[in-house]
Amino acid sequence: MRLSRVFGKTLREAPTEAENKSHQLLVRAGMIAQEAAGVYSYLPLGWRVLRKIENIIRDEMDKAGGQEVMLPVLQPFELWQQSGRDVSFGRSLFTLTDRKEHTLALGPTHEEVVADLARRHVQSYRDLPLMPYQIQTKLRDEPRPRGGLLRVREFIMKDLYSLDADEAGLHESYQKMCRAYKNIYARLSLPALMIEADSGAIGGKDSHEFMVLTEDGEDEVICCSNCDYAANAEKAQFVKTGGNAESLLPLEEIATPETKTIEEVAGFVGVPSSQTLKAVFYFSDGELVFVVIRGDLEVNETKLRNALNCSELRLATEAEVNGAGLVAGFASPIGVKGVKVVADDSITLGSNFVVGANKPGFHFKNANYPRDFQVARTTDIALAQAGDSCPKCQGKLRSSRGIEVGHVFKLGTFISERFGASFLDNDGKSRPIVMGSYGIGLGRLLAAIVEQSHDDKGIIWPPCVAPYQVYFCPLSLDKSAIASTAENIYRELEEEGIEVLFDDRDDSAGVKFNDADLLGIPLRLTLSPRTLQSRSVEAKWRAGKETRLLPLDNLAAQVNRFLNEAAKAQH
Ligand SMILES: [Zn+2]
C-alpha cells in the first residue's frame, strides 16, 4: 500500500479530549476517528489491526469447539421482557419503535436470542453441548462514554454462549473458554490476569474478568500481595477486622457541635472511626434507602445494588434526606420510621458505637445493634481497599488499575427457565439448559495492546496484529535513481507477499521517521542515497535501536526470513 493513498492522515497533536494513551495515539495515527460520544470509525490502518485480532479470536473459538453464527442486531423487545433483563439493563438498552409501533431492542448482548433459538433447536441431551458464537457490532447506551475505545456505545464483540445439560458440563465449557481466552492474550502479547468479577446486568452466579493492569485502566483491581486472590473492586471481599468487644453500655445522647464528618465526630468523642456508624443515603429505583456502615469503611455501590436487586442506584441529595424527616449529617437508624434501612455486616463487629441522634448537633454514644435499632438486612456491602486483609490468606491487599479485556459468566438456568429452553435428559425428564456467556470486546483489546505497547513516539504493534509488517521509507524521492529503485523494491516486496506500507511521499526524513514511529509498524526499511551507493537498505525494528544493512540483491527473501525469525522469537 502506498502511504500517500491511505485514507486517514497522521496528526501532530492529539485531540484535547483524548485522556489516555491509546486514544491519543490511535487518533493521531489516523487509525480511528470519533463520530459521536462513544462512537468511532475505524480507518483502513486501524481496521487491518482489528481484522487481525478478529482472526486470532475466531481461530481460538473454532479450536475450542465454537460454531460461528450471525445473530440479529434488531431483537424483539418481548425477548428482553421475557428474561426480565429489560429491567436490569435499564437505560443501557437502546430501543426503537418501528413503523408498526413495535418496540425493538438493539442488541447489547445475545443471551435472549440464543435461548430463543435453543428452545426451538435443542430437544434432547444428545444435542448438547453447543457453543455458538459470533463477532458482531453491539450497542449499549453507556452513561459516560470516554477513553477512546475503552468505554463506547457501539463496539464489536465476540460473544460465545455455552449450552450444557448440567453444571458439570457448564464447568467444562467454562474451563475450555478460559483456556481459549488465555491463548488469545498470549498470542496478542497481552499479560491478562483472570480475576473474580461481578455479574452486573448480565446476571448469573460465577463470573470472571480478564484484566490488563495499566495506569489508565477504567477498573480498580484488588490483588493479594501474598496469594493468587484477585478481584474487581466491585466484587472484592476482605476480612473485616477491628471493633471492640466491650460489654454493652446504656445509650446516651451527647452534644457534638460543629461535627459533620466521621473523623470530626470520632475525634470529638475520642473513639476510633471504627467505633462510629456512618449513614449514607441512596435512591434505589425511586425509593430512599438508609445505609448504615461502620465509620472506617466505605459503601461498595455494586454490592449494594446487588443486595437491593435494583437497576437505578444513586446517592440521595441532602434535600431528599431532610425531606424524609431525617437530619443530614446527624441522621440516625435509631427511631427511624418509614425508610428502608440496610446495613453492612460490619455493624455486628464491635459495640458501643457513636451514631447520629437525628438532631442537629447531637449524636448517641453506646449504640448497639440489634438492641437499639433494627435493619431490613445486614450483608456485605463494604468496599475492599488497599491495605485490607485478603479473604483467602489474610495477606495484605493491593489496588491497581486495569482494562477489562474479557468477561465470562456462568449464567446457569435463569434465562433458559424463563424461556422454556429445555431438553429431555437420559430418563426422558425435561430439564432447563445450563447456559454460560463469554465476551471479548475487540476494540478494547486493540486499545489495551496500545496501552501496553507504546513509547513517547508512538505505537509499537506486536507483529501478529500490525497493520503492515514493513514500513518502506525511501528518502530523497526527488532523485530519479532513488525513485526507480524504490519502485522496484516495493514491487519485489509485494510480490513476495510481504505486507508493506510504502512511504511514497516526497517529505523530509524527519517527517517520515516520525510517522513510521507513530504508526508502529514492526520493521522499517530505509533507502537513502547513502545506502543506495552501497547497494543496500537500512533495516530497523520499531521496538529496538540497532540498525543493520540488508543488501539489495534478493532483498525480499531476506526480509521475509527476518520477519519469520522475529515472529518465532515472539513465541
Ligand atoms: Zn491472599
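Every value quoted in this text rests on a predicted model; they were computed, and no experiment measured them. Residue indices begin from 1 for each chain and proceed along its sequence in written order. Residue-level local features of this predicted model are given only where pLDDT is at least 70; pairs of side-chain atoms are given and counted only at 80 or more, and the full residue set underlies all totals for whole chains, interfaces and linings. Excluded from the side-chain calculations are hydrogens and water; all other atoms, namely the structure's heavy atoms, are used.

1. Notes on the overall build of the protein chain
Move 1: Summing up its helical and strand segments, the protein chain has 15 helices and 31 strands in all.
Move 2: Exposure is judged per residue with a 1.4 Å probe applied to protein chains only, and the accessible area is read against the type maximum: over 50% gives exposed, under 20% gives buried, and values in between give partly exposed. Put simply, the protein chain has 571 residues, and 52% of those count as buried.
Move 3: Expressed as a percentage of contacts within the protein chain between residues at least 6 apart in sequence, the contacts between residues at least 24 apart total 70%.
Move 4: Here the accessible surface of atoms and residues is derived via Shrake-Rupley with a 1.4 Å probe, and residues count as covered only by protein chains that are part of the display. On the protein chain, roughly 25,600 Å² of surface is accessible, and the fraction owed to carbon and sulfur atoms is 48%. Starting at the N terminus, helices and strands are each numbered in turn, a helix being any DSSP run of H or I of at least four residues and a strand any DSSP run of E of at least two. Any two residues whose heavy atoms approach within 4.5 Å at even a single point are treated as in contact.

2. Some details on the pairing of strand β30 (residues 536–541)
Move 1: In terms of burial, β30 is a largely internal element, five of the six residues being buried.
Move 2: Strand pairing requires that DSSP identify at least two bridges connecting the strands. With four bridges joining them, strand β29 (residues 523–527) and β30 adopt antiparallel strand pairing. Looking at the pairing, Leu525 lines up with Ala539 of β30.
Move 3: Pairing between β30 and strand β31 (residues 547–551): five bridges, direction antiparallel. The residue bridging Val537 from the neighbouring strand is Leu550, located in β31.

3. As for the sheet that holds strand β17 (residues 340–344)
Each strand in a sheet pairs with its neighbour through backbone hydrogen bonds, running either in the same direction (parallel) or in the opposite one (antiparallel).
Move 1: Taken together, five strands build an open sheet; the order of strands is β16-β14-β15-β17-β20 and the sheet is mixed. The sheet is open, and its two borders are formed by β16 (313–315) and β20 (377–379), each paired with just one other strand. On average, each strand axis in the sheet is tilted by 30 degrees relative to the strand beside it, whichever way the strands run.
Move 2: The pairing of strand β15 (residues 287–294) with β17 spans four bridges and is classified as parallel. In this description, a line fitted to the C-alpha atoms serves as the axis of each element, helices being fitted only across the stretch in contact, and the angle between N-to-C directions of two axes falls anywhere from 0 to 180 degrees.

4. Concerning the sheet that holds β30
Move 1: Pairing in this open sheet of five strands is mixed, and the strands run β28-β27-β29-β30-β31 from one edge to the other. The two strands at the open ends of the sheet, each matched to only one other strand, are β28 (500–502) and β31. Sheet twist, expressed as the average angle between the axes of neighbouring strands with direction ignored, equals 25 degrees.
Move 2: Lying over the sheet, helix α12 (residues 480–495) contacts β27 (470–474), β28, β29 and β30, oriented at roughly 160 degrees with respect to β28.

5. Re the environment of Leu288
Move 1: Here Leu288 shows up in strand β15.
Move 2: Sequence spacing of Leu288 and Met1 is 287 residues, and the spatial spacing of their C-alpha atoms is 61 Å.
Move 3: What Leu288 contacts, discounting residues up to four positions off in sequence, is Phe281, Tyr282, Phe283, Ala316, Glu320, Ala324, Leu326, Val339 and Lys340.

6. Remarks on the packing of helix α2 (residues 44–63) against helix α11 (residues 442–452)
Move 1: For the pair α2 and α11, interaxial distance at closest approach is 10 Å and the crossing angle is 110 degrees. Overall, the two elements α2 and α11 adopt an arrangement that is roughly perpendicular. Judged by residue contacts, Gly46, Val49, Leu50, Ile53, Glu54 and Ile57 of α2 engage Leu442, Gly443, Leu445, Leu446 and Ile449 from α11.
Move 2: Amino acids are sorted into nonpolar (Ala, Val, Leu, Ile, Met, Phe, Trp, Tyr, Cys and Pro), charged (Asp, Glu, Lys and Arg) and polar (every other residue, Gly among them). Of the residues belonging to the contact of α2 with α11, the class tally is eight nonpolar, two polar and one charged. These descriptions rest on fixed angle ranges, namely under 35 degrees for roughly parallel, over 145 for roughly antiparallel, 65 to 115 for roughly perpendicular, and the rest for oblique.

7. Some words on helix α8 (residues 301–308)
Because each turn of an α-helix spans 3.6 residues, side chains separated by three or four positions end up pointing in the same direction.
Move 1: Listed as buried for α8 are Thr302, Lys303, Leu304, Ala307 and Leu308.
Move 2: Considering only its buried residues, α8 is in contact with β14 (277–284), β15, β16, β17 and β20.
Move 3: Whenever a nitrogen or oxygen atom comes within 3.5 Å of another N or O atom, the pair is scored as a polar contact, on the condition that within protein one atom can donate a hydrogen and the other can accept it, and that pairs from neighbouring residues in sequence are kept only if both atoms are in side chains. Put simply, Asn300 is the residue that caps the front of α8, since its side-chain oxygen is 2.9 Å from the backbone nitrogen of Thr302.

8. Points about the side chain of Arg524
Move 1: Position of Arg524 relative to the elements: it lies in strand β29.
Move 2: A polar contact of 3.5 Å, which involves the side chain of Arg524, links it to the side chain of Thr526.

9. Notes on the coordination of the zinc ion
Move 1: Only nitrogen, oxygen and sulfur atoms count as donors, using a 2.8 Å cut-off from the metal that widens to 3.2 Å for Na, K and Ca. Water is left out, so coordination shells may look unfilled. Protein ligation of the zinc ion involves Cys224 (SG), Cys227 (SG), Cys390 (SG) and Cys393 (SG), the donor distances falling in the range 2.2 to 2.4 Å.
Move 2: Because the angles between the four donor atoms bound to the zinc ion fall within 99 to 114 degrees, the donor set is best described as tetrahedral.
Move 3: Sequence spacing of the donor residues for the zinc ion, all on one chain, is C-x2-C-x162-C-x2-C. Pair noted here: Cys224 is in strand β11 (residues 219–224) and Cys393 is in the loop between β20 and β21 (397–412), with a separation of 169 residues, a long-range link. The geometry test gives tetrahedral to four donors whose angles all lie between 85 and 135 degrees, gives square planar to four donors and octahedral to six donors whose opposite members are over 155 degrees apart with all other angles between 65 and 115, and gives irregular to the rest.

10. Considerations on the pattern of salt bridges
Move 1: Any carboxyl oxygen of Asp or Glu that lies within 4 Å of a side-chain nitrogen of Lys or Arg is treated as forming a salt bridge with it. If you walk through the whole model with that rule in mind, you get 35 salt bridges.
Move 2: Across the pair Arg2 and Glu487 runs a salt bridge, and its minimum N-O distance is 2.9 Å. Here the residue Arg2 occupies a position in the segment before α1 (21–28), and Glu487 occupies one in helix α12, the gap between them amounting to 485 residues.
Move 3: What emerges from the salt-bridge pattern is a single network uniting Lys240, Lys303, Asp344, Asp345 and Asp380.

11. Re the environment of Arg99
Move 1: Tracing the sequence through the fold places Arg99 in the loop between β5 (94–97) and β6 (103–106).
Move 2: What makes Arg99 exposed here is its relative accessible area of 83%.
Move 3: Residues Arg99 and Val355, 256 residues apart in the sequence, show an inter-C-alpha distance of 58 Å.

12. Thoughts on unusual backbone geometry
Move 1: The omega angle of the peptide bond from Leu128 to Pro129 is 0 degrees, so this bond is cis rather than trans.
Move 2: Here Ser189, not a glycine, exhibits a phi torsion of approximately 55 degrees, which is positive.
Move 3: Checked against the element boundaries, Ser189 lands in the loop between α6 (167–187) and β9 (192–196).
Move 4: On the accessibility criterion, Ser189 (38% relative accessible area) is partly exposed.

13. Describing the side chain of Asp388
Move 1: Within the secondary structure, Asp388 is located in the loop between β20 and β21.
Move 2: In this structure the side chain of Asp388 is engaged in a polar contact, spanning 2.7 Å, whose partner is the backbone nitrogen of Gln385.
Move 3: If sequence neighbours within four positions are ignored, Asp388 has contacts with Phe238, Leu383, Gly395, Lys396 and Leu397.

14. Let's talk about the packing of α1 against α11
Move 1: Their axes nearest at 8 Å, the elements α1 and α11 cross at an angle of 100 degrees. What the angle tells us is that α1 and α11 run roughly perpendicular. Side by side, α1 and α11 meet where Lys21, Ser22, Leu25 and Leu26 of the first sit next to Leu446, Ala447, Val450 and Glu451 of the second.
Move 2: Its residues assigned to classes, the contact of α1 with α11 shows five nonpolar, one polar and two charged.

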